[in-house]
Amino acid sequence: MLTPEQFGRQVRVRDDSREVVDYAVYLPGSTEGKRLILPLDCKFPHEDYDRLLTAQDAGDPVAVETAAKGLERALRIQAKSIRDKYVHPPETTPFAIMYLPTEGLFAEVIRRPGLAGALSAEFSVTVTGPTTLAATLTAAPVSLAAPAAPAAPAKASAATAQTADRGLGPGQNRAGGNPNSPEKLVRSISSDHLRQDIEAFAAIADEHGNRAAGTPGFQASLDYAVGELEEAGYDVELQEFEITYTETLRDRLQQTGPVQRDLEHTVFTSSPSAQVTDAPLAAPAGAATGCADADWAGADLTGSVALVSRGDCTFAQKSQVAAASGAEAVIIYNNAEGALNGTLGAAPGDVVGTVGVTRELGADLLAQTRAGGATVTLDLEQLVEQRPTWNVLAETRTGSDDDVVMLGAHLDGVPEGPGIHDNASGVAATLEVARQAAKANKAESKVRFALWGAEEIGLLGSHHYVDTLTAAEREDIILYTNLDMVAPLDHQNTLGVLTADWSIGAESLLGAQLDRDGHTHQPEGSNGRSDYAPFVDAGIASTGLLSIRDDNYHTPQDDIDNVSITTLTHTARAVANLIGTLQQDADALGTR
């Protein structure tokens, strides 16, 4: 098809990038030292394609459609990556080729209505397969032929124009103007950008199963976020720290007496392994919740499984107290509707295997325990090992180092699901405000953006960051704003605005923009369960946005259908109002 002189393998197409494309085709008319390159990159999203084939074999139309959407999202992410890395006129052609190495995969793309055309229009990527590659390469020089005076381009649709502007280089305008005021920064927020970020994280979760700390899904999420920040012109810092990674390898909880049944439950993050057989359940007397040794009144729990209610202290403390009394494992039942998902935090060594059950199941087991006794068998095998993870940090080039306003969201999810609302939504809003704030060519304050690792296992990333700050560096921070689950669906769309004496009135700037956008909100106090907590503990003013309700919290249903782009846009605009105000006026809150 091509002679060795007509192409190269693993070629750098840009002098200012270390990225190498799989193949570079040298087109006719190229000259030595300044060759026109047609980038050709091979892609095979095999996990998404395998899911589709499995669903088709099973004859499940719902699963087929779900898998097909996942494949489409993956291909869009790949196309965007090819464009951003390799399409760079005049060194390259204004388009690239995505080569799909099997006819089945290529045929699936062609079958999806409008997909191939969308990849071409939105990302300047032409899709080809084994039987069409030769024709595509043959046609490439013809498609590049143009008269000396090029014809005026056809008018692009608004959607295409908004998507195509994603290819602009660092610091270039994507949404128009230098946003040197809060009003301009608010207007610059793009719903299309937010949607594309959400789709990217959904595709990552589809490919890897989840985005939990210490997993390939988290690493892919980090790579995506870093790429977006670098494209916006930031120098990105990765702050490494170590976590205790846990993964459930085997898990079954059964009641063995007085009745026999499997018990639906969730394993707490950072729980150690536990193997107990026909162990009696033990519960503290009265309304005690197992938070203190006195709750067990000196009872010897050796060989037993403790049954305690949620509430009054951390899950880790309940496990520690029960373990100190001899318990082999702990079952914690919810004090509200729904399943109980939790974490033991930094996995202290004095806890035992800990699982959660619903309030209803807990009440049933408690009644049996007090009426005459109940026994359970728990077979829980956990992989527990130390792994590195990272915080992502980036800050604007303009503004004073002595006046810093921060915006952050946790990047990790939970093992139980995709983590799109919790917390790809917060990350997407942070990335979009970062994209636009980078364009401000004058500012009083520096804006620092943070994407935290390991929030879901005990706010570990934000604690690590705050702990490494000097006293002077803490003083430099005017305000930290936290985003956690900020795109609730329309039927549960009230946003909570963190409000306390430590929010120093910053919450009013969030609320004012939400009011202008007609979005309902209400003040929320601290529960200490998100990344603002370490800042508050360190005496740093903080506020933020969060969901009041999420029916799919920490479940497999926290997917791309669990977010509202409208609400997410309102969130990003509210944050832009706050960040833009402080970026331009360090003393806007009267604290400097």
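Residues numbered from 1 in each chain as written. Predicted model: local features only at pLDDT ≥ 70, side-chain atom pairs only at ≥ 80, totals over all residues. Heavy atoms only, no water.

A. Summary view of the packing of helix H8 (residues 191-208) against helix H17 (residues 565-584). For the pair H8 and H17, interaxial distance at closest approach is 10 Å and the crossing angle is 115°. The chirality of how H8 crosses H17 is right-handed. The residues of H17 that touch H8, namely those facing Ser 191, Leu 194, Arg 195 and Ile 198, are Ile 565, Leu 568, Thr 569 and Ala 572. By residue class, the composition of the contact of H8 with H17 is five nonpolar, two polar and one charged. (Axes fitted to C-alpha atoms, helices over the stretch in contact; angles between N-to-C directions. Helix = DSSP H or I, 4+ residues; strand = E, 2+ residues; numbered from the N terminus. Left-handed = near helix turned anticlockwise from the far one by under 90°. Contact = heavy atoms within 4.5 Å. Nonpolar A, V, L, I, M, F, W, Y, C, P; charged D, E, K, R; others polar.)

B. Spotlight on the nonpolar core. Core analysis: the largest hydrophobic core is formed by 62 residues, its most contacted members being Phe 201, Leu 545 and Leu 568. Contact partners of Leu 545, with chain neighbours within four places excluded, come to Asn 482, Leu 483, Asp 484, Val 486, Gly 496, Val 497, Leu 510, Leu 514, Thr 571, Ala 574 and Val 575. (Core = buried A, V, L, I, M, F, W, Y, C linked by side-chain atoms within 4.5 Å. Buried < 20%, exposed > 50% of the residue type's maximum accessible area, 1.4 Å probe, protein only.)

C. Representation of the confidence of the model for the protein chain within the structure. For the protein chain, the mean per-residue pLDDT works out to 89, and 92% of the residues sit at or above 70. Every residue in residues 142-176 is under pLDDT 50, and counting partners more than four places away or in other chains gives 53 contacts. (pLDDT = per-residue confidence, 0-100.)

D. A look at the pattern of salt bridges. By the definition in use, this model includes 28 salt bridges. One salt bridge connects Glu 395 with Arg 448, and the closest N-O pair in it is separated by 2.9 Å. You can see Glu 395 sitting in strand E13 (residues 375-395) and its partner Arg 448 sitting in strand E15 (residues 445-452), a full 53 residues away along the chain. Residues Asp 401 and Lys 446 are paired through a salt bridge, measuring 3.5 Å at the closest nitrogen-oxygen approach. With a gap of 45 residues between them, Asp 401 in strand E14 (residues 400-410) and Lys 446 in strand E15 connect regions that are remote in the sequence. Asp 401 sits in the exposed class, given a relative accessible area of 52%. (Salt bridge = Lys/Arg side-chain N within 4 Å of Asp/Glu carboxyl O.)

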